[in-house]
Amino acid sequence: MSVEFGFFLETVISGLMAGVMYALVALGFVLIFKASGIFNFAQGVMCLFAALTFVGVQEKFGLPAWLALPAAVGVMILLAWLIERLVLRHLVNQDPIILFMATIGLAYVLEGLGDLMWGSDVKLLDIGLPQGASDYMLDNFNLYVEKLEVVAAVIASILVAALAVFFQKTRVGRALRAVADDHQAALSVGISLNTIWVIVWSVAGIVALVAGIMWGSKSGVQFSLSLIALKALPVLILGGFTSIPGAIVGGLIIGVGEKVAEVYMGPFVGGAVENWFAYMLALAFLLVRPQGLFGEKIIERV
Amino acid sequence: MKFTKAKFLTGMASGLLAATLLAPVAAVADGHELILPSLDYRTGPYAPGGIPYANGYADYFALLNERDGGINGVKAKVVPCETGYNTKKGVECYEKTKNIGSGALAYMPLSTGITYQLIPKVTADKIPLVTIGYGRTSARNGQVFEYVFNPPATYWDGATVAIKHVIDSEGGADKLKGKKIALVYHNSAYGKEPIRTLQALSEKMGFELTLLPVDHPGQEQKATWLQVRRNRPDWVFMWGWGVMNQVAIKEAASIRFPMEKFVGVWWSGGENDVLPAGKDAHGYKSVVFTAVGDGFQTHEDIKAYVYGKGKAVDASFEERIGETHYNRGIYAGALVAEAIRKAMADNDTKKPTGVMVKDAFEGLEISDERWAELGLANFTGAVKLSCADHRGPSKIAVQQWDAEAKQWSIISDFVEPMDDVTTPLIKADSEAYAKENNITPRDCK
Amino acid sequence: MFYRETGQFKTNYSDDRAIFPIAQDRYGIMILLAIAFFVIPFTVDDYWGNAIFLPLLIYALIAMGLNVLVGYCGQISLGTAAFMAVGSYASFKLMTSFPGLDFSIVVLMSGLITAVVGSLFGLPSLRIKGFYLAVATLAAQFFIIWLVNKVEWFYNYSATGQINAPERTALMFPVTGPNAPILYKYFFCLIIVVLAALVTKNIVRGRIGRQWMAIRDMDIAAELIGVRPLTTKLSAFAVSSFLIGMGGALYFGVWLGAAEPTEAFGIDQSFLILFMIIVGGLGTILGSFLGAAFLWLFPIAFKNFMVDGLGLSTAMSEHLQIILMGGLIIFFLIVEPHGLARLWQITKEKLRIWPFPH
């Protein structure tokens, strides 16, 4: 294996891994969009809030990590219930853009609340996830693979598998799919929209917690964590807002695309191209398939 | 939803209330006070760096008030205004605070972006702008930038001292030929500052410079470090701020880049930058212009007079006194306090104005003995500013992080930057600014 | 009682088509303009000018531009800040390349240049629809900022990529640079914003505006009745970008005076302006002003109240402010989902039958 090819492989692997990390964030968006047609602007802040809560209860109340995790999950479920009670319930049947705006309000509230409760300093998040390069790969194949990201990939696969089972095999999952297809029809067969929303937002909150922990163990938990939502945007657009496999595949494409572009094209044009390249890539895909990679075909009737 | 009259009335009332609230409250307390706005940030993505600095600055003046009864008996009032590292809020804060009481005496925004914004404004309003180790490097030229001061070190000085450290470690300037140095920088005005200097140095010394920009906020730097791994530079310099620092240190450790060859600027050298990286950060270096730790008389006094009496802005900060960003805040406070003292003495007044403080800065001299009198012996180098030279003598050292003991230690002497390299660059940049803005450089004779 | 159109008879078509067909509205707006032109200028100081009125006017102009695209033509855009950057950099290059050029011409030309760039990024809208279109404007957002940050020509080869507005005049009055009196700056922005609002209002209630709205409401149906999507969508992008570009030139030249691309034109700026028009009211000119006022003035008012009034620490006040801001947005949406402008309209309807609501 030539050095140059090995490096290319490394770039692709890193891209795939980064893509998984993006997809973790994108998953939360997809869940909520699928079930309620809301583009949840607050998803990034939810990651921050969840991670802050997770670290905060450890610091303030001295809970061990294995206890802090259910505590954080509990807080996210409580949050979902509150959101449904105080916000969504009052905005049934409004335009998507209004609901989008409501989630912006939500993002503000959560951001302020998180800071107010736990402070704006960087918090160390260490739950013993493996860090750094894999020695085995580095020594035997001279390939640089980050251990944390392998863990992230494993967790993401488990998460997606669990979500798939949940959606396909359980009663609640079927109800969720019914709601995603048609609100009114679902209502008419006796599915409670309110319960479904609480469930979906809880699941999205838990996904946000996982994403927050993965990203937070890399950079410490701090405000910037909420900005990872920006990284999920091209993934979402490419993968289609309504498809869980779309989020994963979109994440992988964006991840590889931007890493390869940055490493091979960046040096010739001065670097820092990965941000816009991700969008250009998504744009190019969309020009061919306007509904996104896995989006449902839009049928328009007059 | 039904829209009731009550709702309408509450709407109107809140509208009126809002209008009155927009007016800035002229905070006039009992008697005369020295107004010192602090455009700080305790929220937003850069809060972890902003908090210790803001605390250092505020605590120093709280100390003067509590221990000495102010400066020559006049109390100092630090007026905090939250900017969130956002230039638009910075402008709002500046306009709001500049006319409080008898007028603001000095500004320090701790943001290169806000500094650039304020340079023309403070010049028009005649209030000194003191940028400690940040801001516009070419403001050193006092002939063009009359109201801007950047003691004791600029980014370009930082870059040259980093190179000096490389020379020392490699064993001679001639060893640099053919070496590779990569600069990982925050892709903004701040991060781009050292590029010119490093380019000039790379031509002079024959090392190869690779530029690797990282976009705000810098959570994801995989591609950057892959390039480092491929190019295998001998040294990596970093101009980062915020989350970018922690991620970069972790990534560098991941690709097994030797930490002792990784040198950050002082803003990439705070405790909050290395602590989240845990033991990975062991051996990481940064250039620095103040001593480390809290082993100074001033720090003891702050603990006793400020925190002991419950006068601190941020009481929970006590155990973190002595962090590097905090010490920079103290440095800034001491500098401004000395300038005000001098302005009072020179003009024989208790009510100095912005112009007087500016004049005082231009003759400011803080010798090593004076630093000792201030309770900061061996804290930093001597200061001596003049009309033409708004930076003065500069002394910069290199510090290294010990992840076991969780503290920085200074590992080199305090050395002077390479002024022969930066002076022509400063001249060129300040002249270009003067030409673009129709400023005639003043005569400093 | 006071707000009633009874007895106001229109005797010709031009009366009937007036922008403000009701006399009270006409007087109201005249009083407002009279205050804006004759009272505010003589009471305004640096704080009120630079921290309140200039940003208010400039944000209103930019929000109006975005409202044309999102509110009237229904094309979502998340690239507003990039188009502001185009306007800013165009004005910077024009100011420094042609020092003698009058600043009002600079602003107009910056608008035109932005219109061209905006139309270019509007092309994908012919194929991509709905929220997916955001990707095209997001590409513009990141690509344009990267470009002006990277290519040294844009910032005249300065060491750090910052740009500074030199002193320039409009009709002999200095309006840019630190020494320009706030009075001139205010008047200059006010005149441009009032003119732009007048022109935009007339465009949106005329043929072009109706075409935009037809496309917004249902593009296929509009196409069937003979509205050409190409020209309609692109004209919306062009007019919108023109206003945003002028706003960008004022934002950088008159208000900020210096700008750093990644910070002054970041994506949070794009979001802020989108929030303004949603909170203010999509598809209304008034909403652009109300939204700009709400999102710019509320945080300042609240900060002053918490810090100076209650003596809270700045950090605490910032946290509370952002929570309250979010809460208020949600509250307003629940009370009236169609924005502040709709709230105002309801108020007017109530006033009409006051004090006998039934």
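Residues numbered from 1 in each chain as written. Chains lettered and ligands numbered in written order. Predicted model: local features only at pLDDT ≥ 70, side-chain atom pairs only at ≥ 80, totals over all residues.

The next point concerns the overall build of chain A. Assigned secondary structure in chain A consists of 13 helices and 0 strands. For chain A, the sequential pattern of α-helices and β-strands runs α-α-α-α-α-α-α-α-α-α-α-α-α. A principal-axis box enclosing the C-alpha atoms of chain A has dimensions of 65 × 55 × 35 Å. Sorting the 302 residues of chain A into buried and exposed places 56% on the buried side. Across chain A, contacts joining residues at least 24 apart in sequence account for 72% of those joining residues at least 6 apart. (Helix = DSSP H or I, 4+ residues; strand = E, 2+ residues; numbered from the N terminus. Buried ≥ 20, exposed ≤ 12 C-beta atoms within 10 Å, placed from the backbone. Contact = placed C-beta atoms within 7 Å.)

So, about helix H2 (residues 43-61) of chain A. Each α-helix winds once per 3.6 residues, and so residues spaced three or four apart point in a common direction. All names here are of chain A. Between its first and last C-alpha, H2 extends 26 Å over 19 residues, near the 27 Å set by a 1.5 Å rise per residue. Here H2 lies mainly inside the structure; 16 of its 19 residues are buried. Note on H2: the residue one or two positions beyond its end, Gly-62, has a positive phi of about 65°. (Expected span 1.5 Å × (residues − 1).)

Often, the extent of an interface is quoted as the loss of accessible area upon association of its parts. Residues and elements named next belong to chain B. In terms of domains, chain B is made up of domain 1 (32-153 + 293-395) and domain 2 (155-288). Each of domain 1 and domain 2 was reduced to a C-alpha centroid, and the two centroids are 28 Å apart. Listed by partner, the interface residues are 16 residues for domain 1 and 18 residues for domain 2. Elements that contribute at least two residues to the side of domain 1 that touches domain 2 include exactly helix H2 (47-68), helix H4 (112-125) and helix H12 (324-347). Among the residues making up the side of domain 1 that touches domain 2, the classes are represented as 7 nonpolar, 8 polar and 1 charged. (Domains from an automatic or database assignment. Nonpolar A, V, L, I, M, F, W, Y, C, P; charged D, E, K, R; others polar.)

Here we come to the interface of chain C and chain B. Counting from both sides, the interface comprises 41 residues of chain C and, opposite them, 39 residues of chain B. Sorting the residues of the side of chain C that touches chain B by element identifies helix H3 (46-72), helix H11 (261-264), helix H13 (285-309), helix H14 (314-335) and helix H15 (339-353) of chain C as the ones contributing at least two each. Among the elements that take part in the side of chain C that touches chain B, H13(C) stands out by supplying 7 residues, more than any other. Split into classes, the residues belonging to the side of chain C that touches chain B amount to 17 nonpolar, 17 polar and 7 charged.

Along any regular strand, the residues point their side chains to alternate faces of the sheet. All names here are of chain B. Taken across its 8 residues, strand E1 (residues 33-40) has 8 buried, putting it largely inside the fold. One ladder, built from 8 bridges, connects E1 with strand E2 (residues 75-82); its direction is parallel. Within the sheet, the bridge partner assigned to Leu-34 lies in E2 and is Ala-76. (Pairing = 2+ DSSP bridges.)

Taken together, the contact pairs 40 residues of chain A with 34 residues of chain C. Among the elements that make up the side of chain A that touches chain C, the one with the highest residue count is helix H4 (residues 96-118) of chain A (15 residues). Counted by class, the side of chain A that touches chain C contains 30 nonpolar, 7 polar and 3 charged residues.

Below, the discussion takes up the environment of C:Glu263. Mapped onto the elements, C:Glu263 comes out in helix H11. With 25 C-beta atoms packed within 10 Å, C:Glu263 lands in the buried category. Sequence-wise, C:Glu263 and C:Met109 are 154 residues apart; in three dimensions their C-alpha atoms are separated by 24 Å. Excluding its chain neighbours within four sequence positions, the residues that come into contact with C:Glu263 are B:Thr87, B:Gly113 and B:Ser188.

All names here are of chain C. Contact geometry of H3 with helix H7 (residues 182-204) gives a least axis separation of 10 Å together with a crossing angle of 20°. Relative to H7, H3 is oriented roughly parallel. Once H3 is placed against H7, the crossing between them reads as left-handed. Across the interface between the two elements, Asp-46, Gly-49, Asn-50, Phe-53, Leu-54, Leu-57, Ile-58, Ala-60, Leu-61, Met-64, Val-68 and Tyr-72 of H3 pack against Ile-182, Lys-185, Tyr-186, Cys-189, Leu-190, Val-193, Ala-196, Ala-197, Thr-200 and Val-204 of H7. Grouping the amino acids of the contact of H3 with H7 by side-chain chemistry returns 17 nonpolar, 3 polar and 2 charged. (Axes fitted to C-alpha atoms, helices over the stretch in contact; angles between N-to-C directions. Parallel < 35°, antiparallel > 145°, perpendicular 65-115°, else oblique. Left-handed = near helix turned anticlockwise from the far one by under 90°.)

Now for helix H8 (residues 222-231) of chain B. Residue and element names in this part refer to chain B. By the criterion of burial, H8 is predominantly enclosed, with 8 of the 10 residues buried. Buried residues of H8: Lys-222, Ala-223, Thr-224, Trp-225, Leu-226, Gln-227, Val-228 and Arg-229, and no others. Looking one or two residues past H8, Arg-232 carries a phi angle of roughly 45°, positive in sign.

All names here are of chain C. With respect to the secondary-structure elements, Gly-247 resides in helix H10 (residues 229-256). Separated by 47 residues in sequence, Gly-247 and Thr-200 have C-alpha atoms that sit 14 Å apart. Every residue in contact with Gly-247, bar those within four places of it in the chain, is listed here: Ile-58, Leu-61, Ile-62, Gly-65, Met-84 and Gly-87.

Look at helix H3 (residues 87-97) of chain B against H3(C): their axes get within 9 Å of each other, and the N-to-C directions meet at 160°. As summarised for this structure, H3(B) and H3(C) are arranged roughly antiparallel, according to the angle between their axes. Where H3(B) crosses over H3(C), the two elements pack in a sense that is left-handed. Along its contact with H3(B), which presents B:Val91, B:Glu92, B:Glu95 and B:Lys96, the element H3(C) presents C:Asp46, C:Tyr47, C:Asn50 and C:Ala51. Along the lines of polarity and charge, the residues of the contact of H3(B) with H3(C) split into 3 nonpolar, 1 polar and 4 charged.

Attention shifts here to unusual backbone geometry. The residue after B:Pro151, namely B:Pro152, is reached through a cis peptide bond having omega -10°. Within the secondary structure, B:Pro152 is located in the loop between strand E4 (148-149) and helix H5 (155-170). The step from B:His216 to B:Pro217 runs through a cis peptide bond, and the omega angle for that step is -5°. In this structure, B:Pro217 sits in the loop between strand E6 (208-214) and H8. One non-glycine residue, A:Ala272, adopts positive backbone phi at about 60°. Mapped onto the elements of the fold, A:Ala272 is located in the loop between helix H12 (266-269) and helix H13 (274-288).

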